[in-house]
Amino acid sequence: QVQLVESGGGLVQPGGSLRLSCAASGSIFSINFVNWYRQAPGQQREWVAVIHISGGSTNYADSVKGRFTISSDNAKFTAFLQMNSLKPEDTAVYYCSAAVSQGGAYRGYWGQGTQVTVSS
């Protein structure tokens, strides 16, 4: 069984920063890529960023490019989302998802989400 657990959310003022973590645990052979998504109240889930674990390449939604940075600590099966210059419109529940192999084919897993609120 594989679990993803997000942490690091909270309340921050506009212009502030937060660092989210996504820790994978269980019987893990390898992780192919990790995505961050977010969902604001009454809105559809929105893709935010992706990191390809083996090569380290990253990509971002236009709405966060230049402000958010995705990274990973491969030895600890943990991914991060550094969020700077936060805006009220960044308020959402942030989820991570990962393609994980337990020795066979990669399967997708989701975390439970962490709330980020940007407000003065």
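Quick note: structure is the one above.
Residues numbered from 1 in each chain as written. Predicted model: local features only at pLDDT ≥ 70, side-chain atom pairs only at ≥ 80, totals over all residues. Heavy atoms only, no water.

## Points about the state of the cysteines
The term disulfide refers to a covalent linkage connecting the sulfur atoms of a pair of cysteines. The condition is simple: To count as a disulfide, a pair of cysteine sulfur atoms needs to be within 2.5 Å. Comment: elements are numbered from the N terminus, with helices defined as DSSP H or I runs of at least four residues and strands as E runs of at least two. Exposure classes here rest on a 1.4 Å probe applied to the protein chains alone. A residue is buried below 20% of its type maximum, exposed above 50%, and partly exposed in between.
Here the structure, examined in full by the defined rule, presents 1 disulfide. With its sulfur 2.1 Å from that of its partner, Cys22 forms a disulfide with Cys96. In this structure, the disulfide formed by Cys22 and Cys96 twists by about 70° around the S-S bond and is classed as right-handed. Placement of Cys22 in strand β3 (residues 18–26) and of Cys96 in strand β9 (residues 92–101) is noted, with a sequence separation of 74 residues between them. Residue Cys96 is classed as buried on the basis of its relative accessible area, which comes to 0%.

## Details of the pattern of salt bridges
Quick reminder of the rule: The term salt bridge refers to a side-chain nitrogen of Lys or Arg lying within 4 Å of a carboxyl oxygen of Asp or Glu.
One pass over the full model with this rule turns up 4 salt bridges. Residue Arg38 is joined to Glu46 by a salt bridge in which the shortest nitrogen-to-oxygen separation is 2.8 Å. Assessed through its relative accessible area of 31%, Glu46 is described here as partly exposed. Between Arg67 and Asp90 there is a salt bridge, with the nearest N and O atoms lying 2.7 Å from each other. Here Arg67 is found in the loop between β6 (58–60) and β7 (68–73), whereas its partner Asp90 is found in the loop between β8 (78–83) and β9, with 23 residues between them in sequence. The two residues Arg67 and Asp90 agree in class, both being buried. Beyond isolated ion pairs, a larger network of salt bridges with shared partners links Arg38, Glu46, Arg67 and Asp90.

## Describing the side chain of Ser101
For the record, the criterion: Pairs of N or O atoms within 3.5 Å make up the polar contacts considered here, provided that, within protein, one atom can donate a hydrogen while the other can accept it, and that residues adjacent in sequence are counted only when both atoms are side-chain atoms. We call two residues in contact when some of their heavy atoms are within 4.5 Å.
Examined against the element boundaries, Ser101 turns out to sit in strand β9. By relative accessible area, which is 3% here, Ser101 ends up buried. Among the polar contacts made by the side chain of Ser101, one reaches the main-chain amide nitrogen of Gly103 at a distance of 3.0 Å. The contacts of Ser101, once residues within four sequence positions are left out, are Ile28, Phe29, Ser30 and Tyr106.

## Some remarks on the nonpolar core
Spelled out, the test is: Here, nonpolar core refers to any group of buried Ala, Val, Leu, Ile, Met, Phe, Trp, Tyr and Cys residues whose side-chain atoms link them within 4.5 Å.
Counting residues in hydrophobic clusters, the biggest one holds 33 residues, and the most contacted among them are Trp36, Leu81, Met83 and Tyr94. Mapped by element, the contributors of at least two residues to this core are β1 (2–7), β3, β4 (30–39), β5 (46–52), β7, β8, β9 and β11 (114–118). Looking at this core, the element that brings in the most residues is β9, giving 5 residues. For Met83, the contacting residues outside a window of four places in its chain are Gly16, Ser17, Leu18, Leu20, Arg67, Phe68, Tyr94 and Val116.

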